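Spelled out, the chains give:
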Amino acid sequence: MVYCGKASQGCQNCRTRRIKCDKVRPQCAQCIRVGKPCPGYRDQLSLMFRDESSKVIKRAHQQWGVPDTSEQGEGSGSSPTPSTSSSSSATSPTSTSTASPISIRRRLAASQSPQSASSAITFKREAPELGYRVPTEISINAVDRAIQFYIEHYVIGLPDEPKVGQELQGRPWVHSAVTREIMAAVGLASLSNINGDKKLSTLSKQHYGRALHNISSSIMARHVPELDLDVILRAVVMMAMYEVVRGRDEKPAPGARTHIMGGAAILTSFLPFHQSQSEGLRGLLQLCFSMIASTQGAFQYTSPEPNNMIPSRPEPQTGEGGLPPPFQQWLSMGANMATPKEIPSTELILPVVEFVKLSGYVRSQHFIDGQQATTDMIGTALALDAQFGAWEDRQDGPWTVIEEQVSDNFFPPDAVFEGRYHIYTDMYFARIWNHYRWARIMLSQLLIESVQRFPSSSSSLISDKKIQQIQDCLVRLVRDTLISIPTHYRHPNLQPEHLEHFDQTQGGAVIGIAGIPTLLFEIKVAGVAPGIPRHYRTWAMGILETIWAKMGMYQSKVLSGMLAMTIEPEGSPERGSPVWIKEEGYP
């Protein structure tokens, strides 16, 4: 699951000879040509959970100039010892606050630092074995702070998670060696981003390598029914989170997609054996939606025009832009196992997939106004828009969304958009609604850009009244996306009296932090949409900047920069606004 380059799916002979394999079954052409028996191909799980810990450590050494000083150091990444240690603070009741046990609060006020939180839960841990030379006393303190940071910012208070630290003590995943290493890795990467500390980044890579080894060993050493699903899925989610947090450059880390695929592969193997399939099914469907959003994000993030749906020049799509081969199998399993409550989500996923395919096609082609191909593209987009509208019209009962408002000054204005919030039946429905919103916002943007770019081709299909309806729908969905944010992400300025309102939406999405990476994408999609009021954009950018500053998620910084490109100086015409839109007419 560590991303050290795209894994070859060729046979062992072709990989050894470093030649291209055509992957024909049962024997590839290269093996037939040289008269050798073809050894076959690696299965999907072995590709996703391959152990490349030594490569991670070696690259970390090269990047930071840390010498490989011992044989033990070279091997520690691939043969880790599970961390079950005990810090000095846990054994010394008279220790000071600087060496106190890991402390948890529901959340911290903006004026407080993570170190000032009150004590609520103690984790036992011994000094980690380091794969290269980092002073032990620095490493222990850094790992303590990292796990504390992860618990406070990525677990406590999020939907589907405990609201106080004491509730974590009975959760097996908190004490598992599989999850503890990756908690340390994510926390170290976050703190490295916030503080600009390269040593913490180096240490995070080591713990990431250990986590990979631990999860690989757990999966390969046991039969599927024997796995602790909560532990394994949390580890997979945390490893994807590590890619989102650490970042590499101005593009999304492809390793996150690999982890999502790994989680889906585990669930499809696990579900037939599980007595209670509801959580596993919802987890699988959410991973499918996340994979679709990741695919669409790859189209946008790798483009010179990341905020446009129709680029000025064709953009050839890379292998990272497609859905994986087993994706259709995952959808079929989800559809077959869905209860009446989940059926609307399986119905929605189909037009969302079709939209992403259309988006990739549009970005890779050169369209000319007046040609039949351009007219056909616009007609396909209109047909999809009608499908989305029909889906929304059918939703009632548990899929009903309630919008509430308290007094104007009750909520912090930077944490709750226009003082309004949503109430959903549970978090699963809340997440699926936001997937609907981002997909239809982008489809509406595609139609608006088509009218602007191709007036001849669009005139016979889209009337002035129709395009105004599309723009109105887009603004409504952007507003709903912004209003929904407190349901998914708890801003650090929110206090307990505020959270009581958002907690009316029950849990049901399995893992709280799993929704944050896609939420970042959804905020960006909403913030760059054409024709929206300027304060919509600035508020959305403020949320992304807060997540970067408080949680250290590198992807949030990248998306904030993309959104900033669309914000013109106050008083200037809105960039990308259609000429017929009068901004002040919107709520």
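The rules behind the values
Each chain has its residues counted from 1, running along the sequence as written. Only residues with pLDDT of 70 or above have their local features reported here, since the model is predicted, and side-chain atom pairs are shown and tallied only from 80 upward, although totals for entire chains, interfaces and linings are computed over all residues. By convention in this description, side-chain values take in all heavy atoms of the structure and omit both hydrogens and water. Here a strand is any run of E in DSSP of at least two residues, a helix any run of H or I of at least four, and the numbering for each starts at the N terminus. Relative accessibility under 20% of the residue-type maximum defines a buried residue, over 50% an exposed one, and the middle range a partly exposed one, all with a 1.4 Å probe and only protein chains included. Here, two residues are considered to be in contact whenever any of their heavy atoms come within 4.5 Å of each other. Note on areas: Shrake-Rupley with a 1.4 Å probe; residue coverage comes only from the protein chains shown. Between N-to-C directions, angles span 0 to 180 degrees; the directions come from axes that are lines fitted to C-alpha atoms, helices contributing only their stretch in contact. If an angle is under 35 degrees, it is roughly parallel; if it is over 145, roughly antiparallel; if it lies from 65 to 115, roughly perpendicular; otherwise it is oblique. Should the near helix be turned anticlockwise from the far one by less than a right angle, the crossing is termed left-handed; should it be turned clockwise, right-handed. Directions pointing from the helix axis toward each C-beta atom define the arc. Two aromatic rings, drawn from Phe, Tyr or Trp (for Trp, its six-membered ring), form a pair once their centres lie within 6.5 Å of each other, and the interplanar angle then sorts them: stacked below 30 degrees, edge-to-face above 60, tilted otherwise. Geometrically, a lysine NZ or arginine CZ counts as sitting over a ring once it is within 6 Å of the ring centre and also within 35 degrees of the ring normal. Joining through side-chain atoms within 4.5 Å is the link that ties buried Ala, Val, Leu, Ile, Met, Phe, Trp, Tyr and Cys residues into a set, and such a set is a nonpolar core. UniProt positions are given in the numbering used here, feature names are shortened, and annotations may be inferred rather than shown by experiment. The pLDDT value tells you how sure the predictor is about a given residue, anywhere from 0 up to 100. Any two cysteine sulfur atoms lying within 2.5 Å of each other are counted as a disulfide. Polar contact is defined as a pair of N or O atoms within 3.5 Å, subject to the rule that within protein one atom must be able to donate a hydrogen and the other to accept it, and that residues adjacent in sequence are counted only when both atoms are side-chain atoms. One side-chain nitrogen of Lys or Arg within 4 Å of one carboxyl oxygen of Asp or Glu is enough to make a salt bridge.

S.K.: Mind showing me how you'd approach the overall build of the protein here?
M.R.: A count of helices and strands for the protein gives 23 helices and two strands. Sorting the 587 residues of the protein into buried and exposed places 56% on the buried side. Partitioning the intrachain contacts of the protein with sequence separation of at least 6 by distance along the chain shows that 77% fall at a separation of at least 24. Surface accessibility of the protein: about 24500 Å² in total, with carbon and sulfur atoms responsible for 51%.

S.K.: When you look at the packing of helix 9 (residues 177–195) against helix 11 (residues 229–246) in this model, what are you seeing that I'm missing?
M.R.: The angle between the axes and the distance between the axes are what describe a pair of packed helices. At a minimum axis separation of 9 Å, helix 9 and helix 11 run at an interaxial angle of 20°. Classed by the angle they form, the pair helix 9 and helix 11 counts as roughly parallel. Considering how the two elements wind past one another, helix 9 and helix 11 form a crossing that is left-handed. Along the contact surface, helix 9 presents Val178, Thr179, Ile182, Met183, Ala185, Val186, Ala189, Ser190 and Asn193, while helix 11 presents Val231, Arg234, Ala235, Met238, Met239, Met241, Tyr242, Val245 and Arg246.

S.K.: How should I be thinking about helix 14 (residues 327–337) in this particular structure?
M.R.: Each α-helix turn comprises 3.6 residues. Residues three or four places apart therefore point the same way. Among the residues of helix 14, Phe327, Trp330, Leu331, Met333 and Gly334 are the ones counted as buried. Considered in projection along helix 14, the buried side chains sweep an arc of 160° and stay on one side of the axis. Turned more than 90 degrees from where helix 14 packs its buried face, Gln328 and Asn336 sit exposed.

S.K.: In this structure, what is going on with the packing of aromatic side chains? I would like to understand it.
M.R.: Geometrically, a pair of aromatic rings is defined through the distance of the ring centres and the angle of the planes. A complete count under the given rule lists 22 aromatic pairs for this structure. Taken together, the ring pairs in this structure connect Phe388, Trp391, Trp399, Tyr428, Phe429, Trp433 and Tyr436 into an aromatic cluster. Taking NZ or CZ as reference, arginine 282 lies 5.4 Å from the ring centre of phenylalanine 429, over its face.

S.K.: Is there a simple way to explain the nonpolar core in this structure?
M.R.: Generally speaking, nonpolar side chains in soluble globular proteins are found buried as a group. One finds Tyr154, Phe355, Trp438, Ile513 and Met553 to be the most contacted residues of the largest nonpolar core, which totals 142 residues. Broken down by element, this core gets its largest block of residues, 16 residues, from helix 17 (residues 427–453). If we ignore the near neighbours within four places in the chain, the residues touching tryptophan 438 are Ile292, Ala293, Gln296, Val352, Phe355, Val356, Phe521, Glu522 and Val525.

S.K.: It is not clear to me how the UniProt feature "domain: Zn(2)-C6 fungal-type" (unreviewed entry) in the protein should be interpreted in this structure. Could you clarify?
M.R.: Mapped onto this numbering, the UniProt entry annotates "domain: Zn(2)-C6 fungal-type" (unreviewed entry) at residues 10–38. Across residues 10–38, the secondary structure splits into 41% helix and 0% strand, with the terminal C-alpha atoms separated by 10 Å.

S.K.: How should I be thinking about unusual backbone geometry in this particular structure?
M.R.: The phi torsion of most residues other than glycine is negative, and most of the peptide bonds are trans. Of note, the phi angle at arginine 18 is positive, near 55°, even though the residue is not glycine. Looking at the element boundaries, arginine 18 is found in the loop between helix 1 (12–17) and helix 2 (29–34). What makes arginine 18 exposed here is its relative accessible area of 78%. Despite not being glycine, glutamate 418 has its phi angle at roughly 55°, a positive value. Within the secondary structure layout, glutamate 418 lies in the loop between strand 1 (402–405) and strand 2 (420–423).

S.K.: How should the packing of helix 17 against helix 19 (residues 464–488) be read in this particular structure?
M.R.: Close contact between helix 17 and helix 19 brings their axes to 9 Å; oriented N to C, the two are set at 150°. Compared by their axis directions, helix 17 and helix 19 come out roughly antiparallel. Here the hand of the crossing between helix 17 and helix 19 comes out left-handed.

S.K.: Please clarify how the confidence of the model for the protein should be interpreted in this entry.
M.R.: Low pLDDT marks regions whose predicted coordinates should not be analysed in detail. Chain-level pLDDT for the protein is 78 on average; 73% of the residues reach the 70-or-more range. With pLDDT under 50 throughout, residues 68–139 is counted as low confidence; its partners more than four residues away or in other chains account for 142 contacts. Note that residues 575–587 has pLDDT below 50 and, in this model, 33 contacts with residues that lie over four places away or in other chains.

S.K.: Even after reading the chapter, I still don't get the state of the cysteines, so can you show me in this structure?
M.R.: Chemically, a disulfide is nothing more than a covalent bond linking the sulfur atoms of two cysteines. Per the counting criterion, the structure on display carries zero disulfides. Unpaired in terms of disulfides, cysteine 21 finds its nearest cysteine sulfur in cysteine 14, a separation of 3.8 Å. Its sulfur unpaired, cysteine 38 is 4.0 Å from the next cysteine sulfur, which belongs to cysteine 31.

S.K.: So what exactly am I meant to see when it comes to the environment of histidine 491 here?
M.R.: Tracing the chain through its elements places histidine 491 in the loop between helix 19 and helix 20 (496–502). Measuring from C-alpha to C-alpha, the distance between histidine 491 and valine 416 comes to 8.5 Å, with 75 residues separating the pair along the chain. Excluding residues that lie within four positions of it along the chain, histidine 491 makes contacts with Asp414, Ala415, Ile543 and Thr546. At a separation of 3.0 Å, a polar atom in the side chain of histidine 491 contacts the main-chain amide nitrogen of asparagine 493.

S.K.: Just to check I follow, could you spell out the pattern of salt bridges for this structure?
M.R.: In a structure, side chains of opposite charge can pair up when their charged atoms sit close to one another. Summed over all chains, the structure comprises 14 salt bridges. Glutamate 161 is paired through a salt bridge with arginine 234; the nearest N and O atoms lie 3.1 Å apart. Here arginine 234 lies in helix 11 and glutamate 161 lies in the loop between helix 7 (136–154) and helix 8 (172–175), a separation of 73 residues in the sequence. On the accessibility criterion, glutamate 161 (6% relative accessible area) is buried. Put simply, aspartate 385 and arginine 440 hold a salt bridge, and the shortest N to O gap is 3.2 Å. With a gap of 55 residues between them, aspartate 385 in helix 16 (residues 372–394) and arginine 440 in helix 17 connect regions that are remote in the sequence. Judged by its relative accessible area of 5%, aspartate 385 falls in the buried class. The buried category is assigned to arginine 440, whose relative accessible area is 9%.

S.K.: Help me understand the environment of tyrosine 154 in this model?
M.R.: Tracing the backbone through its elements, the reader meets tyrosine 154 in helix 7. Here the side chain of tyrosine 154 touches serine 190 through a polar contact of 2.8 Å, side chain to side chain.

S.K.: I'm lost on the side chain of serine 444 in this one. Help?
M.R.: Note that serine 444 resides in helix 17. Excluding residues within four positions of it along the chain, serine 444 makes contact with Asp385, Ile470 and Leu474.

S.K.: Sorry if this is basic, but what is going on with the environment of valine 236 here?
M.R.: Inspection of the secondary structure assignment puts valine 236 in helix 11. Residues valine 236 and alanine 514, spaced 278 residues apart in sequence, show a C-alpha to C-alpha distance of 9.8 Å.

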